[in-house]
Amino acid sequence: MAQQMTGAEMVIQALVDQDVEHIFGYPGGAVLPIYDAIFQQDKVEHILVRHEQGATHMAEGYARSTGKCGVVLVTSGPGATNAVTGLADALLDSIPMVCITGQVPTPLIGSDAFQECDTVGITRNCTKHNYLVKSVEDLPRVLHEAFYVATSGRPGPVVIDIPKDVQFALGSYAKPNNGSHPTYKPQTEGDLEAIKMAVDLMLKAEKPILYTGGGVINSGPEASVELREIAELTGFPVTSTLMGLGAFPASSDQWLGMLGMHGTYEANMAMHDCDLMICVGARFDDRITGRIDGFSPNSKKIHIDIDPSSINKNIAVDLPIVGDCGFVLEEMVRIWRSRTNQPRTEALSGWWKQIGEWRDVKSLQYAKSEKVIKPQYAIERLYELTKERDVYITTEVGQHQMWAAQHFHFNEPNRWMTSGGLGTMGYGLPAAVGVQAAHRDALVIDIAGEASVQMTMQEMSTAVQYGLPIKVFILNNERMGMVRQWQELLHGGRYSSSYSESLPDFVKMAEAFGAHGIRCEDPAELDDKILEMINSDKPVLFDCCVTKDENCLPMIPSGKAHHEMILPDTADIGNIIDEKGKVLV
Amino acid sequence: MFKPSWDLERNQLVERHTLTVLVDNEPGVLARVVGLFSARGFNIDSLTVSETEHDRHRSRITIVTVATPKVLLQIKLQLERLVPVHRVHDLTAEGKALERELALVKVAGKGENRVETLRLAEAFRANVVDASIDSFVFEITGRPNKVEQFISLMQPLGLVEVVRTGLTAISRGKEGM
């Protein structure tokens, strides 16, 4: 029999029925009934943030590190608009999220009421789907449907806008159904014939590469297992996008490192020269392809993606397979096994020899220093001193993010949380709070820049309040480093507004928050201070003062193709990008 | 296989296609469709929409767009990604569809012009739906180029204003969408 309850109680009951344990939110007039319902139960833990954007990134960190749906609760008007950046971020990175927003009561909608905004209008293009619930009768269905839409197919953020009178209204609650929808039907099972054709191509390839992305991680841990299996069976080299790091172990001999704009020389050259590219759960993003007409000119391309619209969007492919990566990889392994039990070591030996030569270029090398801390060195040490631990890494956006991707190594999925598509500065600190909320005993580190981290610094207060001992490792170069680098490359070294002046004292700031502050300026002291950070049971702000004008290399300059990389020893980098490249981002 | 259905960087010619989209008639569905076109830089030449199955709350949206084959495919796939969208058919790609548009055309004039106006209306099978001593309102239905031609003929005869519904279309034969 259907249970009678208020709309606000339905929200909580639906969260419980959807196995939600934590939500991130901020109260306000239009969500008071839901906060009242939260107060009267203990199944769902609410984490009070300091700004709604923080709540969305926490939910993203939570979702990416657990594979579950992240949940956000905010009020109407400014509560909703502050959440927009996080919604757009989750849309571009395909993160499952449900964001519940309060709305003014239905009779006041459209009257420019206090704290009213057109939430569904504003969020329409930055969500996978959104709902305005005008009647309590619709609420249970919408709540469950929102979780289904957010988590199935290509995941994404879903907004449920609930007017205050609907939160108060009584209605009958219904449990979730088995998860189906009359119009929304994601295709998860890849076409078997196409997978067989893919295996045929793989059996013939002499210069193959597996190019994997965030889809492998979104598909669930089994997909990473299948990816490792197919790589081992075939002996193919593997590279990954920024979003896919960890799906394939960086410790493997078959790992080429990340590809793309700041990827390794060997990964990008292998992409350029391959004869067969197997794209698994990646979307040929512009950071990956470089100049499109110079992209991997002589390869056959297989594209596995759960979203049909990703196929042939940027790059024309020869064999599309629409389906869930995990399913397709599993079938691929099965079919490969039925054809052969030998890796094609001999056929691939020339390819691996070539890759070895590219590896010898050592594109990630940098000039070491005993006087100042090199940012790359700081990440290397951070990795060495934490690799035996249960560690999760988040980042902000910029040079430090790329250095983290290059010099920190991941062997498991769901360990790396970064804003890839939208490139949201300020993502990492709240994302770390979200990760730590899900993994209380793990070591959670936000590798940050001093500029990015100030965008959401207030969430340190959240970390302190809930005893979430996140470590914020700030590579402080007193620059918006990536902006500065592009100004050096493209704008004659005119550093317009790309330096951080009047920086706060991060050690004192940590203390003001009730956290622990550490500063390090000397490479000789770095290890000890990193250990001090790891061993602290408090949240830590680590002010790591690094080289000020270091460039993040290697780099595919804008408007260039994979084989036209700037390497650490390339001279005169200020004159490489032509007029056409300058207009690109 | 191994022949992409289109060739990415070659200069593809743009084509005019008529798409028909079956959607749940829920609040905001039209904004979703239109917003998708503007957000992704797709073009809308004409748009008509109305509920067609009242008991099931379903609407048909007819969109005329001009795009390269590559973009046309993206438009279809992106539309299909929207949650309330049931199906999208490219009527132009699927064969010759029936395409019709309705226009109401107001023409003012006296004397010989007025007589000529009526003669032309008869030739185009336009109906008089309003008349006064010195004006007519015609209702004309047909393919867009017929409507276009009628309007341009009315221009010198005292055309006052025109309203057009935009194109609506349906496939031929017994199969439904």
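Keep in mind that this is a model prediction, so the values were computed, not measured.

Draft legend 1. The overall build of chain B, seen in detail. Each helix and strand in chain B was counted, giving 4 helices and 9 strands. For chain B, the sequential pattern of α-helices and β-strands runs β-α-β-β-α-β-β-α-β-β-α-β-β. The C-alpha atoms of chain B give 20 Å as radius of gyration, which overshoots the globular expectation for 177 residues (16 Å, by more than 25%). Looking at chain B as a whole, 37% of its 177 residues qualify as buried. Intrachain contacts of chain B at a sequence separation of at least 6 include 72% that bridge at least 24 residues. Accessible surface for chain B amounts to roughly 9900 Å². Of this, 51% is attributable to carbon and sulfur atoms. Positive and negative charge centroids in chain B, built from 24 and 23 side chains respectively, lie 4 Å apart.

Draft legend 2. Spatial organisation of the interface of chain A and chain B. The interface is formed by 27 residues belonging to chain A together with 23 residues belonging to chain B. Across the chain A/chain B interface, buried area totals approximately 2000 Å², and carbon plus sulfur atoms make up 61% of it. It is Arg124, His129 and Thr183 of chain A that lose the most area in chain A upon contact with chain B, and together they represent 26% of the buried surface on that side. Where chain A meets chain B, there are 1 salt bridge. Ionic pairing is found between arginine 81 of chain B and aspartate 307 of chain A, a salt bridge with its closest N-O pair at 2.5 Å. Taken together, chain A and chain B are joined by 6 residue pairs in polar contact (both at pLDDT 80 or more). Elements supplying a minimum of two residues to the side of chain A that touches chain B: strand E6 (129–132) and helix H8 (192–204) of chain A. Counted by class, the side of chain A that touches chain B contains 11 nonpolar, 8 polar and 8 charged residues.

Draft legend 3. Region of the structure containing the layout of surface pockets. Considered as a void within the structure, the second largest pocket measures approximately 1200 Å³ in volume. Around the second largest pocket, the lining is made up of 44 residues, and of these Asp307 and Ser309 of chain A together with Arg40, Gln78 and Arg81 of chain B lie nearest the centre. Counting residues per element, the ones that place at least two in the lining of the second largest pocket are helix H4 (78–92) of chain A together with helix H1 (29–39), helix H2 (69–81) and strand E4 (85–90) of chain B. Take the lining of the second largest pocket: its biggest share by element is 7 residues, from H2 of chain B. Its residues assigned to classes, the lining of the second largest pocket comprises 18 nonpolar, 13 polar and 13 charged.

Draft legend 4. Examining helix H3 (residues 112–123) of chain B more closely. Residues and elements named next belong to chain B. Look at H3: 17 Å from first C-alpha to last across 12 residues, which is about the 16 Å you get at 1.5 Å a residue. Buried within H3 we find Thr117, Leu120 and Ala121. Axial view of H3: buried residues confined to an arc of 105°, hence all on one face. Summarising the geometry of H3, the exposed residues directed more than 90 degrees from the buried face are Glu112, Glu122 and Ala123. Once H3 finishes, arginine 125 follows within two positions and takes phi at roughly 55°, a positive value.

Draft legend 5. Spatial organisation of the packing of aromatic side chains. Following the criterion strictly, the structure yields 15 aromatic pairs over all chains and no others. Taken together, a centroid distance of 5.8 Å and an interplanar angle of 90° make the contact between phenylalanine 138 of chain B and phenylalanine 150 of chain B edge-to-face. Linking phenylalanine 138 of chain B in strand E7 (residues 135–142) with phenylalanine 150 of chain B in helix H4 (residues 144–154), this pair joins segments that are 12 residues apart in sequence. On the basis of relative accessible area, phenylalanine 150 of chain B is assigned to the buried category, the value being 0%. Ring-pair connections join several aromatic residues into one group, and the members of that group are Tyr383, Phe408, Phe410 and Trp416 of chain A. For the cation-ring pair, lysine 368 of chain A lies above tyrosine 366 of chain A, with the distance from its terminal atom to the ring centre recorded as 4.3 Å. Here the basic side chain of arginine 415 of chain A rests over the ring of tyrosine 392 of chain A, its NZ or CZ set 4.1 Å away from the ring centre.

Draft legend 6. Representation of the domain arrangement of chain B within the structure. Residues and elements named next belong to chain B. You can read the domains of chain B as domain 1 (15–90) and domain 2 (98–170). Taking the mean C-alpha position of each, domain 1 and domain 2 sit 29 Å from one another. Domain 1 puts 7 residues into the contact, and the matching count from domain 2 is 7 residues. Joining domain 1 to domain 2, the criterion identifies 0 salt bridges. The interface formed by domain 1 and domain 2 holds 3 residue pairs in polar contact (both at pLDDT 80 or more) in total. Put simply, the parts of the chain that give the side of domain 1 that touches domain 2 at least two residues each are strand E2 (46–53) and strand E3 (58–67). A breakdown of the residues in the side of domain 1 that touches domain 2 according to their chemical character gives 2 nonpolar, 4 polar and 1 charged.

Basis of the calculations
Residues numbered from 1 in each chain as written. Chains lettered and ligands numbered in written order. Predicted model: local features only at pLDDT ≥ 70, side-chain atom pairs only at ≥ 80, totals over all residues. Heavy atoms only, no water. Helix = DSSP H or I, 4+ residues; strand = E, 2+ residues; numbered from the N terminus. Rg over C-alpha atoms; globule rule 2.2 N^0.38 Å. Buried < 20%, exposed > 50% of the residue type's maximum accessible area, 1.4 Å probe, protein only. Contact = heavy atoms within 4.5 Å. Areas by Shrake-Rupley, 256 points an atom, 1.4 Å probe, with all protein chains shown as cover. Lys, Arg positive; Asp, Glu negative; His and termini not counted. Charge placed at Lys NZ, Arg CZ, Asp CG, Glu CD. Buried area = accessible area lost by both parts, 1.4 Å probe. Salt bridge = Lys/Arg side-chain N within 4 Å of Asp/Glu carboxyl O. Polar contact = N/O pair within 3.5 Å; in protein donor to acceptor, adjacent residues only side chain to side chain. Nonpolar A, V, L, I, M, F, W, Y, C, P; charged D, E, K, R; others polar. 1 Å grid on protein atoms, 1.4 Å probe; cavity = no way out; pocket = protein on both sides within 12 Å on 5 of 7 lines; lining within 4 Å. Points joined across faces, edges and corners; volume = space filled by probe spheres on them. Expected span 1.5 Å × (residues − 1). Arc of directions from axis to C-beta. Phe/Tyr/Trp six-rings, centres within 6.5 Å; stacked < 30°, edge-to-face > 60°. Lys NZ or Arg CZ within 6 Å of the ring centre and 35° of its normal. Domains from an automatic or database assignment.

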